[in-house]
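Structural characterization, general
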Amino acid sequence: MLLAQKAYVEGGLALCLYAARLVDERRTATDGRARREAGLLLDILTPLVKAWPAQYCLEANDLAIQVHGGYGYTREYPVEQFYRDNRLNPIHEGTNGIQALDLLGRKVTMEGGAAFRLLIREVRAIVDQAGGGETAGHAGDLARTWDLIERITATLGEGPADRALANASLYLDLVGHAVVAWMWLRQAVAVREHPDAAFRAGKLQACRYFFHYELPRARAHAEVLLSLDPTLLDMRPDWF
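Residues numbered from 1 in each chain as written. Predicted model: local features only at pLDDT ≥ 70, side-chain atom pairs only at ≥ 80, totals over all residues. Heavy atoms only, no water.

**Examining the side chain of Thr-135**
- Its location among the elements puts Thr-135 in the loop between helix H5 (114-129) and helix H6 (136-158).
- By relative accessible area, Thr-135 is classed as buried at 2%.
- Once residues lying within four places of it in the same chain are set aside, the contact partners of Thr-135 are Ala-130, Leu-185, Ala-188 and Arg-192. (Helix = DSSP H or I, 4+ residues; strand = E, 2+ residues; numbered from the N terminus. Buried < 20%, exposed > 50% of the residue type's maximum accessible area, 1.4 Å probe, protein only. Contact = heavy atoms within 4.5 Å.)

Okay, here's the thing in structure tokens:
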């Protein structure tokens with residue numbers, strides 16, 4: 001549970017800090033192309049920045065309560081307050097469902113898919129950097145995940161819009177996990193020469209956890225997404 005919390009929180013923080021850097025680069029980069037690319041990346045990542053940490057860092061709060069057992073539910077410890085405060089995050093900003101519709105219905109297709117292609121380019125760049133040593137397996141795993149996302153995105157784009165958007169939340173979860181896996185691989189590359197052995201080992205272990213335990217869970221959505229499953233659309237109000 002502690003390792004899951006570390007993976008969620010530090011992965012979500014890395015994503016937020018990356019987006020914050022894009023805000024700066026969109027305004028201050030030295031040439032127009034760099035400013036435009038920063039803006040495109042920020043556009044496609046914004047629904048993920050809003051939704052993924054809101055959901056999974058709340059899950060970290062839930063695990064913090066669980067670590068304390070029954071005491072975690074009481075006001076003797078601050079974790080119950082943290083949970084109640086952070087439960088707001090998936091609700092405001094239009095709710096995570098709206099962010100899912102925004103990602104799949106608008107951001108992925110904007111400017112002929114330019115932002116989506118740029119995001120994949122940036123992911124592939126880190127995959128290339130991490131292709132050797134102890135991160136090689138993670139790099140290959142991330143590359144295969146994004147191959148799958150490209151296939152799913154093409155399938156959804158070719159199908160009926162209502163069928164595609166019916167499962168937008170699953171798409172958000174899959175792409176969100178793949179983006180946070182990218183953030184973890186970036187961190188794993190960055191700490192290769194870090195002088196603090198414990199800090200370095202902690203980052204690499206959290207990265208390993210995310211790739212072994214979290215990313216496969218999100219990839220399980222692929223079958224439903226590729227099938228354009230209509231179960232949610234077929235439900236009727238009187239059946240409730």
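**Let's talk about the nonpolar core**
- Counting residues in hydrophobic clusters, the biggest one holds 72 residues, and the most contacted among them are Leu-45, Leu-119, Leu-142, Trp-146, Tyr-171, Val-179 and Trp-182.
- Looking at which element gives the most residues to this core, the answer is helix H8 (residues 168-190), with 15 residues. (Core = buried A, V, L, I, M, F, W, Y, C linked by side-chain atoms within 4.5 Å.)

**Some points on the environment of Phe-211**
- Tracing the sequence through the fold places Phe-211 in helix H9 (residues 197-219).
- Measuring from C-alpha to C-alpha, the distance between Phe-211 and Ala-139 comes to 9.8 Å, with 72 residues separating the pair along the chain.
- Apart from the residues within four sequence positions on either side, Phe-211 is in contact with His-138, Asp-141, Leu-142, Ala-181, Leu-185 and Pro-216.

In short, geometric facts, not functional conclusions.
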